[in-house]
Amino acid sequence: EFDVLVVGGGPAGAAAAIYAARKGLSTGVVAERFGGQVADTMSIENFISVSATEGPKLVAQLEEHVNDYQVDVMKNQRASALTQGDKLELTLENGATLKAKSLVIATGARWRTMNVLGEQEYKGRGVAYCPHCDGPLFKGKSVAVIGGGNSGIEAAIDLANLVEHVTVLEFADSLKADEVLIKKAHSLNNVTIITHAQTTEVLGDGKKVTGLTYIDRQSNQQHQLELAGIFVQIGLIPNTEWLEGSGIALTPFGEVAIDAKGATSIPGVFAAGDVTTEPYKQIIIAMGGGATASLGAFDYLIRHQST
Ligand code: FAD
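What you see is a predicted model, and the numbers here were worked out from it, not measured in a lab. (Residues numbered from 1 in each chain as written. Predicted model: local features only at pLDDT ≥ 70, side-chain atom pairs only at ≥ 80, totals over all residues.)

**Remarks on the overall build of the chain**
Within the chain one finds 6 helices and 19 strands. Counting only C-alpha atoms and orienting by the principal axes, one finds that the chain spans roughly 70 × 35 × 35 Å. Relative to its 307 residues, the chain shows a buried fraction of 42%. Partitioning the intrachain contacts of the chain with sequence separation of at least 6 by distance along the chain shows that 61% fall at a separation of at least 24. (Helix = DSSP H or I, 4+ residues; strand = E, 2+ residues; numbered from the N terminus. Buried ≥ 20, exposed ≤ 12 C-beta atoms within 10 Å, placed from the backbone. Contact = placed C-beta atoms within 7 Å.)

**Side note on the packing of helix α4 (residues 150-160) against helix α5 (residues 179-187)**
The interhelical angle for the contact between α4 and α5, taken along N-to-C directions, is 35°, at an axis separation of 9 Å. Along this stretch, α4 crosses α5, giving a crossing that reads as left-handed. Of the residues in α5, those in contact with Asn 150, Ile 153, Glu 154, Ala 156 and Ile 157 of α4 are Leu 181, Ile 182, Lys 184 and Ala 185. Split into classes, the residues belonging to the contact of α4 with α5 amount to 6 nonpolar, 1 polar and 2 charged. (Axes fitted to C-alpha atoms, helices over the stretch in contact; angles between N-to-C directions. Left-handed = near helix turned anticlockwise from the far one by under 90°. Nonpolar A, V, L, I, M, F, W, Y, C, P; charged D, E, K, R; others polar.)

**Notes on the site of the ligand**
Neighbouring the ligand are 40 residues, the closest being Gly 8, Gly 10, Gly 36, Gly 108 and Gly 273. Within the residue set of the shell around the ligand, elements represented by two or more residues are α1 (11-21), β2 (27-31), β9 (109-111) and α6 (283-303). (Near = placed C-beta within 6 Å.)

**Describing the environment of Asp 173**
Among the secondary structure elements, Asp 173 is positioned in the loop between β12 (165-169) and α5. When the 9 C-beta atoms within 10 Å are taken as the criterion, Asp 173 is described as exposed.

**Side note on the sheet that holds β12**
Strand order in this open sheet of 5 strands is β10-β17-β11-β12-β13, and the pairing throughout is parallel. Both edges of this open sheet fall to β10 (127-128) and β13 (191-194), since each of them pairs with a single strand only. Pairing of β12 with β13, which is carried by 4 bridges, proceeds in the parallel orientation. The residue of β13 that forms the bridge with Val 168 is Ile 193. (Pairing = 2+ DSSP bridges.)

**Brief notes about the confidence of the model for the chain**
Detailed reading of predicted coordinates is not advised where the pLDDT is low. Per-chain confidence: the chain averages 96 in pLDDT, with 99% of residues scoring 70 or above. Overall fold confidence for the complex sits at a pTM of 0.92, while the interface term, ipTM, reaches 0.99. (pLDDT = per-residue confidence, 0-100.)

**Examining the nonpolar core**
Of all hydrophobic cores here, the largest spans 50 residues; its most connected members are Ala 16, Ala 17, Leu 90, Leu 103, Val 104, Ala 106 and Ala 271. The leading source of residues in this core is α1, at 9 residues. Leu 103 has contacts with Leu 5, Val 7, Leu 88, Leu 90, Gly 268, Val 269 and Phe 270, leaving out every residue within four places of it along the chain. In this structure, Val 163, Leu 169, Val 209 and Leu 227 belong to the second largest nonpolar core, which totals 33 residues. (Core = buried A, V, L, I, M, F, W, Y, C linked by C-beta atoms within 7 Å.)

**Some thoughts on the sheet that holds strand β16 (residues 222-226)**
Judged by pairing direction, the sheet is antiparallel, and its 3 strands sit side by side in the order β14-β15-β16 without closing on themselves. Of all the strands in the sheet, the pair left with one neighbour each is β14 (197-204) and β16. Between one strand axis and the next, the sheet turns through 25° on average, direction left out of account. With 5 bridges connecting them, strand β15 (residues 209-216) and β16 associate as antiparallel partners. The partner of Tyr 214 across the bridge, within β16, is His 223.

What follows is the structure, given as structure tokens:
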């Protein structure tokens, strides 16, 4: 039985594990893939105090830091259910169960992809999902934003400040963003908005993105855009499918609802990072959340020592 069992091995999970272990608590980490989304990231320039690094390098450093402590890291293990009886019980996909006095959920999120030719090939080489992270890489260049919801239009407004030109491609016949954002986007002279646009292929030269093709769903005509970058903003999906039936409160978007101490609706269960309602999904924010969740768990444990 663990004092603190962390589910997820991204920046939030790693921070939670280190904070728990440093309190002398017996700590375990269950992670399908250690490093999480960071493992898929090429360059990272906004992890404060480190001017520039790369995803795989940061993942190795995260792992090394976790391994400085007595943490039982169970890699390549997927949690499939959480039940609460006498103790909290985590069921793994391989059938095993783990018991814990407190739990930190840090299973992150995944970007919805377009599922078109070239998208996977050019991920991190022009295909991007995070304007806060990768916007400055496209200074003076032309980019597209796929998706005309709030995140797409926010991204377009943000990028318009940094890049030469932004083309927004929306599949539907109108934008789904808030009116105030749409107005702002329309007021910018380096933003073009195209509706009825179905992106069909990401084009590249073998090394990086050079453009995309889309079909105008009204005229059925194919068009081509020359671009250096494509920001896909069609949704961030929290990895909470495994929590269905656990009784934990999720928002309509599937995010785990947390309070200022990272506590969820189940006593002793905390959560951190992209899987939660915490706004702005970033490495530094996920790490802060992981620290908060474990300190919250520690606080909980010292008040429930006998159980
Ligand atoms: P994640 O990193 O998503 O980690 C989730 C962990 O949970 C993983 O270990 C995963 O395997 C595990 N997991 C999921 N489900 C289960 C399950 N059922 N059982 C067990 N384990 C499970 N942020 C920045 O600050 N700067 C950047 O430059 C930057 N660039 C990015 C580039 C890309 C391409 C992407 C996709 C994201 C980028 N981000 C960047 C965002 C950043 O990576 C995330 O905000 C951050 O990784 C969130 O951390 P997390 O620990 O909450 O979740």
